[in-house]
2 protein chains.
Amino acid sequence: MAQKSVQVGLVQMSMSPDKAENVEKAAARAREAAERGAEIVCLPELFATPYFCQTEDAENFDLAEPVPGPTTEAMADVARSAKVTLVVPVFERRAPGVYHNSVLVLNKDGTAAGIYRKMHIPDDPLFYEKFYFAPGDTGFTSFATEGARVGPLICWDQWYPEAARLTALTGAEILVYPTAIGWHPSEKSEFGAAQLAAWQTIQRAHAIANGVFVVAVNRVGHEGPRDGGLEFWGHSFVCDPFGIVLAEASESEETLVVRCDLGRIEWVRRNWPFLRDRRIDAYAGITSRYLG
Amino acid sequence: MAQKSVQVGLVQMSMSPDKAENVEKAAARAREAAERGAEIVCLPELFATPYFCQTEDAENFDLAEPVPGPTTEAMADVARSAKVTLVVPVFERRAPGVYHNSVLVLNKDGTAAGIYRKMHIPDDPLFYEKFYFAPGDTGFTSFATEGARVGPLICWDQWYPEAARLTALTGAEILVYPTAIGWHPSEKSEFGAAQLAAWQTIQRAHAIANGVFVVAVNRVGHEGPRDGGLEFWGHSFVCDPFGIVLAEASESEETLVVRCDLGRIEWVRRNWPFLRDRRIDAYAGITSRYLG
């Protein structure tokens, strides 16, 4: 079995209102992760800006950029100079009126390995994403990079076993979830622990069900009104193909560099051969909204 | 929102080589659970016999019974006399050469609410189920009972998000997994904790992804050669629709009776509206073996 391993860097960071500042911070931390040995570095969802989806304001579409565009070009420079694969979230302006919550995967030479556009779009208090983002039309996919085959997904996708399964079936070795999840401060004491536990549990389950590594990279910090807003909870983590957590960040800014032994994928899948026994003759109902 | 709640009983037990003894023990414990208030009582997988799948031996087909048959009739008597819904695993002889690992759901009046035949059949060292059981043809379904709508699934099904999803989409409020999972004693010290954690994690994730209660009822005890065999690990549990564990058994015989507030299903689904945002236009690949 393959003994190949890859080191993955997770840049858990907070954002300021200044886009240039956020991009420079992300670039510096990606370089630092590469210096520490990371071959694939992942940034949090919409890392270039504050989480603007807390309100519905058409002026926020000014924050969107084409791909390629200034932010992805700046990160391509980092990829090239640091010789690192980058997973770069971007508020994508695809056409007037067609905006996406996207992830661009950049090769070590700065070229694009591929783009994924968030398929599952939430809409909940302070997460008004359906106002901003057209649902992705990329489907679920993965991209060959020098270190590993990477399956990018984004935040709300985390809650959908279908997304993880389909991405894994395309050959992904690592599912990467740039994320912007946090607590409503008024709910935190009552529900916060259960919310964090559910978020960790379901992602570990995706690793187990599919025999893949899972990497979740969250924002940190409080954004929005002092007496409201969102407190992004951090806890970025990497788990192995049996759901074992290899590393987990705190609730502050932090960069993790974690070695993933890719040979473990086949070892786990041989010993717990779930993919062998899928009843593909009996799953057609998955494309139904409801069966009751 | 509905304030209806239901008490679920989990009979975690060990089995002897004597079928009559196992059925009598299960009957007694089901009655005891009903006396303690349980309205739906669940037994472990293949509760009437030792876990005979540790070897491939055609004589073991003698252990199978038609449905209805002696074991299910005995349990129907319990259902009637104790006025309790029963989830009854059975090694089903459907026709010569057609045997299933099944679950019969019995109403409080002893009539059948429905039968489910295990869809995902494992085959691993000491779990040679593909020798014994034809894959089920019931599909994934759920049955209305007096207390709740019950979605029966069986053991290896636990590892398949598709099974949980499809069962939940039929309207199940509680997924019930009769189980026979255990450690290979020689592996336990190295892998045991991770195996148990994976088993719990993926089932809690099914609850979270689908907003349903999950009930897992496992066997306990060591079966097979003293220096080998299987140590069924118990740890039967109930978790709520956000994956919060409401009760968990030890590794010994134990009967749990756990109240499930069914109104919590809609509360959780309103606050974490995953079912709303499923991309049913993009899931067709789920019926593929592999997409790479």
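In case you missed it, the structure is sitting above this.
Keep in mind it's a predicted model, so treat the numbers as computed, not measured.

What counts, and at which threshold
Residues numbered from 1 in each chain as written. Chains lettered and ligands numbered in written order. Predicted model: local features only at pLDDT ≥ 70, side-chain atom pairs only at ≥ 80, totals over all residues. Heavy atoms only, no water. Helix = DSSP H or I, 4+ residues; strand = E, 2+ residues; numbered from the N terminus. Buried < 20%, exposed > 50% of the residue type's maximum accessible area, 1.4 Å probe, protein only. Contact = heavy atoms within 4.5 Å. Areas by Shrake-Rupley, 256 points an atom, 1.4 Å probe, with all protein chains shown as cover. Polar contact = N/O pair within 3.5 Å; in protein donor to acceptor, adjacent residues only side chain to side chain. Least-squares fit on C-alpha atoms with pLDDT ≥ 70 in both. Expected span 1.5 Å × (residues − 1). Arc of directions from axis to C-beta. Buried area = accessible area lost by both parts, 1.4 Å probe. Salt bridge = Lys/Arg side-chain N within 4 Å of Asp/Glu carboxyl O. Phe/Tyr/Trp six-rings, centres within 6.5 Å; stacked < 30°, edge-to-face > 60°. Lys NZ or Arg CZ within 6 Å of the ring centre and 35° of its normal. Axes fitted to C-alpha atoms, helices over the stretch in contact; angles between N-to-C directions. Left-handed = near helix turned anticlockwise from the far one by under 90°. Nonpolar A, V, L, I, M, F, W, Y, C, P; charged D, E, K, R; others polar.

*Asks:* How should the overall build of chain A be read in this particular structure?
*Replies:* Tallying secondary structure elements over chain A gives 6 helices and 15 strands in all. By its C-alpha atoms, chain A is 55 × 50 × 40 Å across when sized along the principal axes. Residues counted as buried form 62% of the 292 residues belonging to chain A. By sequence separation, contacts in chain A at least 24 residues apart represent 68% of the contacts at least 6 residues apart. Looking at chain A as shown, the accessible area adds up to about 10,100 Å², and 51% of this sits on carbon and sulfur atoms.

*Asks:* How should the side chain of glutamate 223 of chain A be read in this particular structure?
*Replies:* Residue and element names in this part refer to chain A. If you trace the backbone, glutamate 223 turns up in strand 11 (residues 220–223). Under the relative-accessibility criterion, glutamate 223 is labelled buried at 8%. A polar contact is formed between the side chain of glutamate 223 and the backbone nitrogen of tyrosine 51, at a distance of 2.6 Å. Setting aside anything within four residues of it in sequence, one finds glutamate 223 in contact with Met15, Pro50, Tyr51, Gln54, Gly229, Leu230 and Phe232.

*Asks:* Is there a simple way to explain the relation of the copies chain B and chain A in this structure?
*Replies:* Each of the two chain copies can be generated from the other by rotation about an axis followed by a shift along it. Superposition of chain B onto chain A requires a rotation of 180° combined with a translation of 0.0 Å along the rotation axis, giving an RMSD of 0.0 Å. Read as a symmetry element, the transformation amounts to a two-fold axis. Take the interface residues of chain B: 100% of them recur as interface residues in chain A, which is what a same-surface contact looks like.

*Asks:* Is there a simple way to explain helix 2 (residues 70–82) of chain A in this structure?
*Replies:* Since one α-helical turn is 3.6 residues long, residues separated by three or four positions face the same way. Residues and elements named next belong to chain A. The end-to-end C-alpha distance of helix 2 is 18 Å, a good match for the 18 Å that 13 residues give at a rise of 1.5 Å each. For helix 2, every residue scored as buried is listed here: Thr71, Thr72, Met75, Ala76, Val78 and Ala79. Viewed end-on, helix 2 has its buried residues packed into an arc of 155°, placing them on one side of the element. Along helix 2, the residues that are exposed and aim more than 90 degrees away from the buried face are Pro70 and Ser81. On its buried face, helix 2 is in contact with helix 1 (19–35), strand 3 (85–95) and strand 4 (98–106). Count one or two residues on from helix 2 and you reach lysine 83, which has phi positive near 55°.

*Asks:* Before we go on, may I ask you to explain the interface of chain B and chain A in this structure?
*Replies:* Reports often express the size of an interface as the amount of accessible area lost when the parts come together. Every contact between the two is made by 55 residues of chain B and, on the other side, 55 residues of chain A. Carbon and sulfur atoms supply 65% of the area that chain B and chain A bury against each other, a total of about 5,300 Å² over both sides. Three residues, Arg279, Ile286 and Arg289 of chain B, lead the burial of chain B against chain A; their summed loss comes to 12% of the area buried on that side. At the junction of chain B and chain A, the tally comes to 8 salt bridges. The salt bridge involving arginine 165 of chain A is made with glutamate 162 of chain B; its shortest N-O contact spans 2.7 Å. At the boundary of chain B with chain A, the tally comes to 28 residue pairs in polar contact (both at pLDDT 80 or more). Those elements that place two or more of their residues in the side of chain B that touches chain A are helix 4 (161–169) and helix 5 (185–210) of chain B. Considering every element that reaches the side of chain B that touches chain A, the biggest residue donor is helix 5 of chain B, with 11 residues.

*Asks:* Got a minute to help me understand the packing of aromatic side chains in this structure?
*Replies:* Aromatic ring pairs are described here by two measures, namely the spacing of the ring centres and the angle between the planes. Residues and elements named next belong to chain A. Summed over the entire model, instances satisfying the criterion amount to 50 aromatic pairs over all chains. Members of the aromatic cluster, connected to one another through ring pairs, are Phe52, Phe61, Phe91, Tyr99, Phe131, Tyr132 and Phe133. Sitting over the ring of phenylalanine 232, arginine 219 keeps its end group 5.2 Å from the ring centre.

*Asks:* Help me understand the side chain of histidine 235 of chain A, please; the structure alone is not making it clear to me.
*Replies:* Looking at the element boundaries, histidine 235 of chain A is found in the loop between strand 12 (230–233) and strand 13 (237–239). A distance of 2.7 Å separates a polar atom in the side chain of histidine 235 of chain A from a polar atom in the side chain of glutamate 251 of chain A.

*Asks:* How should I be thinking about the pattern of salt bridges in this particular structure?
*Replies:* Two side chains carrying opposite charge are able to pair once their charged atoms lie near each other. What the rule picks out here adds up to 43 salt bridges over all chains. A salt bridge links arginine 270 of chain A to glutamate 266 of chain A; the shortest N-O distance between them is 2.8 Å. Of this pair, arginine 270 of chain A and glutamate 266 of chain A both sit in helix 6 (residues 263–271), separated by 4 residues, roughly a single helical turn. In this structure, glutamate 65 of chain B and lysine 19 of chain B form a salt bridge, with 2.6 Å as the shortest nitrogen-oxygen distance. A residue pair is termed long-range when its members are at least 10 positions apart, and glutamate 65 of chain B in the loop between strand 2 (40–42) and helix 2 (70–82) and lysine 19 of chain B in helix 1 (residues 19–35) qualify at 46 residues. The exposure class of lysine 19 of chain B is partly exposed, given its relative accessible area of 24%. Taken together, the shared-partner salt bridges in this structure form one network comprising Glu92, Arg94, Arg117 and Asp137 of chain A.

*Asks:* How should the packing of helix 4 (residues 161–169) of chain A against helix 4 of chain B be read in this particular structure?
*Replies:* How two helices sit against one another is set out by the angle between their axes and by the gap between those axes. Viewed as axis vectors pointing N to C, helix 4 of chain A and helix 4 of chain B meet at an angle of 145°, and their least axial separation amounts to 10 Å. Crossing of helix 4 of chain A against helix 4 of chain B: the hand is left-handed. When helix 4 of chain A is examined against helix 4 of chain B, the residues Pro161, Glu162 and Arg165 of chain A are found in contact with a partner set consisting of Pro161, Glu162 and Arg165 of chain B. For the contact of helix 4 of chain A with helix 4 of chain B, the per-class residue count stands at 2 nonpolar, no polar and 4 charged.

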